[in-house]
Amino acid sequence: MSTPNERKNQLVWEQLELKAYKQALQLCNRRIKKGEKSEMLLTLKAFVLTHIATPATTDEATQIARSLSDRTPPTQSVDVLRLLSRVWSNLGPSQADEVTKLWERAVKSQPQNEDLAREWFWGTVRTLDWRGAQKAAMNLQKSYTKRREYWFWAVVSSLLLHNSLPVDSPERKLFGTLAYRMIDKARNDTPADTTVTPARAIQTSQEVSLLLELLSYVSPGDANKEALDVLNSKNLGVDSTIGGGDWWGLARKRLDLLESAGDWRSLFETCKTLLPKPQNAAETNGNGETMKDDEKKSDEKPEAVQGRGDDWRVWDGFVLAAGKLYDDGDKAVAKESLEKILKHRKALPTGSSRHGDLALVKFSSLFHDKNDGPEGTPTLLEAVEDYFVNTGNKSCCFEDIQVYLEMLEGSEKKDFLKYVEGKVEKLPEESEKQKIDKIASTINYQKFIYLLTISPLSKAIATTTKTITSFITDTLRVYVSALSLGSSLLVTDNQYGDDAALLSVMGLVRLYTLTPSNQAPLYQSIQILESLLQKSKHNYQALLLLVRIYLLIGAIGSALDIYPRLNIKQIQNDTLSHFMLTRISALLPNDARTASFLSDAGGIYESSRTQTPNMLQLAFERGGYSQMMGFLEFSERVAGSVCRSMYEVEIRRLARLSPGYPDSGTVTEVGHKGTVWDNRDFSVVVDCELSSIASFEKSFRPGPTPAENWVRAFVAAEEVIQFMTAYVAAGKEANGTAIGSGEKPKPRDNLAGTLAMALEVRDRAGEFTEAEKAYLLLIGAIAELGAAATRKDSETVSKALEEVTSDLFPKTLDPTTTETPAWGLLHKLWMGKDAAIVSEGLVAF
Amino acid sequence: MSSVRPFTALDLFRFNATNLDPLTENYDISFYLNYLARWPTYFCAMENASGRIMGYIMGKAEGRSREWHGHVTALTVAPNYRRLGLAKTMMDELERVTDAVYKGYFVDLYVRVSNEIAIGMYERLGYSVYRRVVDYYSGAKPGETDEDAFDMRKPMKRDKKRGSVRENGRNFRVRPEDVY
């Protein structure tokens, strides 16, 4: 049951939520006038005043906050302290220390109140105030020495404060050293026998990871050696009881450290002990799947597991180290390595293990150019052929050996294709499983063909067209032949031959990129993909390609029809929605779905902002220390995402081009603390191109790819437009009469310069379409005009106005040649219309 | 080629090959971070040589007394990387953590009774049906009927009496409210 005052406070909060700040202030003032002077009411009034944020209200809020913070004894109410902290935070960075002082006084006045001290700490964590958190955590660990977690909270807070400070700040080193000394003490307090450990000794793998994290900050020179000492130690190392909690994390860390230190001998030995013994390997079939009981030999009994199984990181380190040692003159190790690989493969009933086979491929690749290697080393060609024989029926076969195929000489590539073709032809087709395996092998073969013969083609000549057309026909034949095998598949499954259809689309797209004036291959691709999606409703590769191709031909509405089938949700709004939403406001602004998808995508940024601090608190509470740096980086990357700014620009343009759609308000800062992150995932699209050329997906994007320079330019452009609107609005009272120029807004300094620079940045001007460049030039001139107008520089105003009307604006409406319908035409027209709308605003200006 | 490693928050930017699959749920950010904060060693990714995420597993430790156990919350492998034994490798790791770190009595997971492929796979991994939870899964769309779940369990070293194995588990029906 709430008290009368709480109910009255609630009324104020409700007004705040409605952004009715003046009404909220009236409610506070009325109660104060009646004589109520509770700390909460005064704090609430100060909080309301910070939202009105005029110089007068800021002064008054500061006075109230100061008088409440300086009270002796300090306030006992946690609610008042929390709200007062928010008041100081709202008053700006110059008052940041006040929050810490406030809590410090309160905690000192109640030295036995652990809840209050913890509340101080949580408040700082939730606001990402690492200076405050460090102080609060140090207070906790000093005051409550029996609570082990407080020691580690102090370590982590010191580390986070260190990370948040500028690199050249002397304090940075200080807090880094402090954090390290504290965790080092915990390390030294950990006994050799960890059955019983002191409270503040290291007890979990997360704390070991924290120690390792700190080493690189504090002693970069010795960090690797010291980290290896920890990882090899009996009480905290990889194989210790404590370290074993995160066995893979620490084991991989050790391999990475050995590799970066170039300690090939240790890397080799470490990997050797980790690899499974042949007896263990025999417990799995050729692809790591556990054998069924009836597949096992009855007298087989696995020995105790010494290694951790068939892990590629271990095999990779093993082969790499052997090669390096061989180069250094130690031939015996390479021989041992080869024998180990061959023995491992032999031990398996199928005669192969995916990783063992691949280790052999990698091993032979080390000697490919040198025509060298221990006796018995197969040539790279033999190894990849062997790999295909054993793994050709797995869809990952292609990507496993792609890098090695590219190493082969021209004639070897031909030999490989011939060999694979012969093997595929001879594959049996008796049972359904054999038929399915043959389809998978054939598709891998087609992928090899694409990589080795289609991908290098770069000229639109008759022979090229013939080669690609033949490839398309072959792959389509494979796709069609596989359809009869999928009758018992679930609705959520893909058909067995889908990748063949995707390959045919890749061939068609190649025809298009070689001759962009001919869009027929795109229409044929649509036919194939639509047909594929009848049978495999959820094939996301097909959906992504179809969205892209519909965009390219200018069928934006059809792309919007397909896009929801990808079911993009949550963080995918930041990583994947760009496939549909890039430049969407200047492609299809007059479709309600455009606004809806943009709005959905934008939700992830607010969601991350509110959720991450709570998760940091949880990580502190649960001792998930090694995760915290990742949580922070994650939240900074979302906050500073290029897509966040991109969608804000799209939404604002949409509001101009599509009457009735609300403006999103002010433009927010680009990036996070000046850094712009690109979290977009382009790599999810199927790709069989040579590594030396652009990825398949990159070869047919609708226009240049917007990135940091693009968002900086367009956010600056939106600021110019926003300034003009605000200037015009401020020029009139509600009744329409003009008011004095002294109260009119001023544009941010040098917006025109920002725009001009964006168009000139080397390598980055390529982020803009021609229509966007023309638009930005226009807005740049308008920015100059606006700045000149506010400083009453009539000469510059006239010059800029002349430039805008006679030159720049007409350029945004360049006559367009429209031989084929495409996205570019729509984009140009809508950008032109937006330019017209903005220019029209000049009349009122 | 595949390799197990701990999952990190930054992997949320890169797990699209798995999460575009219709059977893999996309949860909100806090769901994943919650698991990472509370049970970091139960959350592993499987990656290929170029660092692409091929699959992942997330789990938690829960229960009291003899019901203290590891639970598989999500196990997913991207379509192109199926039939390679990746699920088994990830399950092995979750079981190892249950045994070595959390000292759980068993590992359990829920699966739709209609998902025979998954049930078969878990049976090959040593799991058996402990009970059938009636109407555990809500119908995906209005009008669609709810579906029962099998609660499948595998005893760990600590379960010396194999209390997590029930002979007629498929016929042992419980209501959803009984399992929370």
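Residues numbered from 1 in each chain as written. Chains lettered and ligands numbered in written order. Predicted model: local features only at pLDDT ≥ 70, side-chain atom pairs only at ≥ 80, totals over all residues. Heavy atoms only, no water.

**Quick notes on the overall build of chain B**
Across its full length, chain B holds five helices and eight strands. In chain B, the order of α-helices and β-strands from amino to carboxyl end is β-α-α-β-β-β-α-β-α-β-β-β-α. Computed over C-alpha atoms, the radius of gyration of chain B comes to 16 Å, within 12% of the 16 Å expected from 2.2 N^0.38 for 180 residues, which places it in the range of a compact globule. Along the first, second and third principal axes, the C-alpha set of chain B runs to 45 × 45 × 30 Å. Taking as baseline every contact in chain B between residues at least 6 positions apart, the subset at least 24 positions apart corresponds to 62%. Split by element, the accessible area of chain B, about 7,900 Å² in all, is 47% carbon and sulfur. (Helix = DSSP H or I, 4+ residues; strand = E, 2+ residues; numbered from the N terminus. Rg over C-alpha atoms; globule rule 2.2 N^0.38 Å. Contact = heavy atoms within 4.5 Å. Areas by Shrake-Rupley, 256 points an atom, 1.4 Å probe, with all protein chains shown as cover.)

**Overview of the pattern of salt bridges**
Counted under the stated rule, the structure contains 65 salt bridges over all chains. Between Arg126 of chain A and Glu119 of chain A there is a salt bridge; the shortest N-O distance is 3.0 Å. Exposure remark for Arg126 of chain A: the relative accessible area of 31% places this residue in the partly exposed category. In this structure, a network of salt bridges that share partners links the residues Arg252 of chain A together with Arg5, Asp11, Arg14 and Glu47 of chain B. (Salt bridge = Lys/Arg side-chain N within 4 Å of Asp/Glu carboxyl O. Buried < 20%, exposed > 50% of the residue type's maximum accessible area, 1.4 Å probe, protein only.)

**Side note on the interface of chain A and chain B**
With 63 residues of chain A at the contact, the number on the chain B side is 50 residues. Taken over both partners, the interface formed by chain A and chain B buries close to 5,000 Å², and the fraction arising from carbon and sulfur atoms is 58%. In this assembly, chain A and chain B are joined by three salt bridges. A salt bridge links Asp437 of chain A to Arg83 of chain B, with the shortest nitrogen-to-oxygen separation between them at 3.3 Å. Put simply, chain A and chain B have 25 residue pairs in polar contact (both at pLDDT 80 or more) between them. Residues of the side of chain A that touches chain B, tallied by class, amount to 18 nonpolar, 24 polar and 21 charged. (Buried area = accessible area lost by both parts, 1.4 Å probe. Polar contact = N/O pair within 3.5 Å; in protein donor to acceptor, adjacent residues only side chain to side chain. Nonpolar A, V, L, I, M, F, W, Y, C, P; charged D, E, K, R; others polar.)

**Digging into the sheet that holds strand β4 (residues 69-77) of chain B**
All names here are of chain B. Pairing in this open sheet of eight strands is mixed, and the strands run β1-β2-β3-β4-β5-β7-β6-β8 from one edge to the other. Pairing within the sheet leaves two strands with one partner each, and these edge strands are β1 (3-6) and β8 (173-174). Strand direction decides the pairing type here: strand β6 (residues 128-137) and β8, joined by two bridges, are parallel. Bridge assignment links Arg132 to a residue of β8, and that residue is Arg173. Sheet strands in contact with helix α3 (residues 86-102) are β1, β2 (43-47), β3 (53-62), β4, β5 (106-112) and β7 (147-155), and its direction is about 160 degrees off that of β4. (Pairing = 2+ DSSP bridges. Axes fitted to C-alpha atoms, helices over the stretch in contact; angles between N-to-C directions.)

**Section: the pairing of β5 of chain B**
Successive side chains on a regular strand alternate, one facing one side of the sheet and the next facing the other. All names here are of chain B. Burial analysis of β5 places six of its seven residues in the buried class, which makes it a mostly covered element. Across three bridges, the pairing between β4 and β5 is parallel. Directly across from Gly70, in β5, lies its bridge partner Val107. Crossover handedness for the path β4 to α3 to β5: right-handed. Across seven bridges, β5 lies against β7 in antiparallel orientation. Counterpart to Asp108 in the pairing with β7 is Arg153. (Right-handed = clockwise from strand over helix to strand, strands pointing away.)

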